[in-house]
Amino acid sequence: MKLDKYDFLAKHRLAAQDLESCALDWNVLEAIYFDFIDYAATYQTQAEFIASTLRTHPQIHSVKSRIKEPDRLLEKIIRKTPQRQLTRAADFQFTLENYKDEITDLIGIRIIHLFKEDWEEIHNFITATWHVMEITANVRDGDDTTRFEELSIKLHSRKSGYRSVHYLIEFFPTNQRVIAEIQVRTIFEEGYGEIDHQLRYCHKEIPEILASNLLLFNRIAGSSDEMASFIHLLNKNLIEIQDQYDAVLQKKDAEIRRLSDLLQQK
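This one's a predicted model, so the numbers in the text were calculated from it and none came from an experiment. (Residues numbered from 1 in each chain as written. Predicted model: local features only at pLDDT ≥ 70, side-chain atom pairs only at ≥ 80, totals over all residues. Heavy atoms only, no water.)

**What to know about the overall build of the protein chain**
- In terms of regular secondary structure, the protein chain is built from nine helices and six strands.
- Taken along its principal axes, the extent of the C-alpha atoms in the protein chain is 105 × 50 × 35 Å.
- Expressed as a percentage of the 266 residues in the protein chain, the buried residues total 38%.
- When the accessible surface of the protein chain is summed, it comes to about 16300 Å², and 54% of that surface belongs to carbon and sulfur atoms. (Helix = DSSP H or I, 4+ residues; strand = E, 2+ residues; numbered from the N terminus. Buried < 20%, exposed > 50% of the residue type's maximum accessible area, 1.4 Å probe, protein only. Areas by Shrake-Rupley, 256 points an atom, 1.4 Å probe, with all protein chains shown as cover.)

**Considering unusual backbone geometry**
- For Ala 23, which is not a glycine, the phi torsion comes out positive at approximately 60°.
- Mapped onto the fold, Ala 23 is located in the loop between α2 (16-20) and α3 (26-54).
- The phi angle at Ser 152 is positive, at roughly 55°, despite the residue not being glycine.
- Structurally, Ser 152 is set in the loop between α7 (146-150) and β4 (154-157).
- Given the relative accessible area of 68%, Ser 152 is considered exposed.

**A word on helix α6 (residues 119-129)**
- Within the sequence span of α6, burial applies to Trp 119, Ile 122, His 123 and Ile 126. Looking down the long axis of α6, one finds its buried residues gathered within 105° of arc, a one-sided arrangement.
- In the core, the buried residues of α6 are packed alongside α3, β2 (107-113), β3 (131-139), α7, β5 (164-171) and β6 (178-186). (Arc of directions from axis to C-beta. Contact = heavy atoms within 4.5 Å.)

**Focus on the nonpolar core**
- Ile 50, Leu 54, Ile 126 and Ile 182 are the most contacted members of the largest nonpolar core, which totals 48 residues.
- At ten residues, the largest contribution of residues to this core is made by α3.
- Excluding residues that lie within four positions of it along the chain, Leu 54 makes contacts with Ile 60, Val 63, Ile 109, Ile 111, Phe 125, Ile 126, Trp 130 and Ile 182. (Core = buried A, V, L, I, M, F, W, Y, C linked by side-chain atoms within 4.5 Å.)

**Side note on helix α9 (residues 208-265)**
- With 58 residues, α9 extends 85 Å from end C-alpha to end C-alpha; this agrees with the ideal 86 Å at 1.5 Å per step.
- Of the residues making up α9, those classed as buried are Leu 214, Asn 218, Ala 221, Gly 222, Asp 225, Ala 228, Ser 229 and His 232. (Expected span 1.5 Å × (residues − 1).)

**With respect to the environment of Pro 58**
- Within the secondary structure layout, Pro 58 lies in the loop between α3 and β1 (62-67).
- Residue class for Pro 58 comes out exposed when judged on its relative accessible area of 69%.
- In the structure, Pro 58 is positioned 55 residues away from His 113 in sequence and 9.8 Å away in space, judged by C-alpha atoms.

Below, the structure written as structure tokens:
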């Protein structure tokens, strides 16, 4: 099988110069493409194992798992190569031997939780279950980052308002190391993130009118998170008050029965 170079470039709005400027070899890219397809079933099994482990945690609302599409893998390699050549070495290249270590989201897991305050329990579960290589909290300017800083979590401020905590984990289901990315976010952050991603995928540069309305939507999503947390706290307080009230009633009922028994004995 062959992967048509020019069809691929056209589909992903790339040009031959994008390969030439970084000395990318199409034959190597094609080999990586088909190698990853060969590993797809194995990666899918590993993704499902991670997801099923996470689903055991009571604070997690839902878990999604996926493996990277081969096309998106090649697109990412082409996009990331110039950056790696700037930060690593001028002759850096992704190869058949190193791409599984260099591309850290071949397996992607997304955790959705309902209330922002549930994040830390989920964080503790992840760090206790796997070896965590890196944690990044994506935040917006003005967010309270105190707890992230106390836990020495790296912060990444996003102008887009994207919020999510990302974990890179590694484990050894066989003698080959597997790296996966786990994203943790609230249900409101998920809604915003999905809409933002879809719009950015449709445009090379988001039109100003869309960008401004996205930021408004981001503020609404943030306010919704705060409102959900307030409702959650209010509900807990009401339950505690009801429990205290029920305990007082039970105590009074017990006292009435005791006094009634004493009167009957007389």
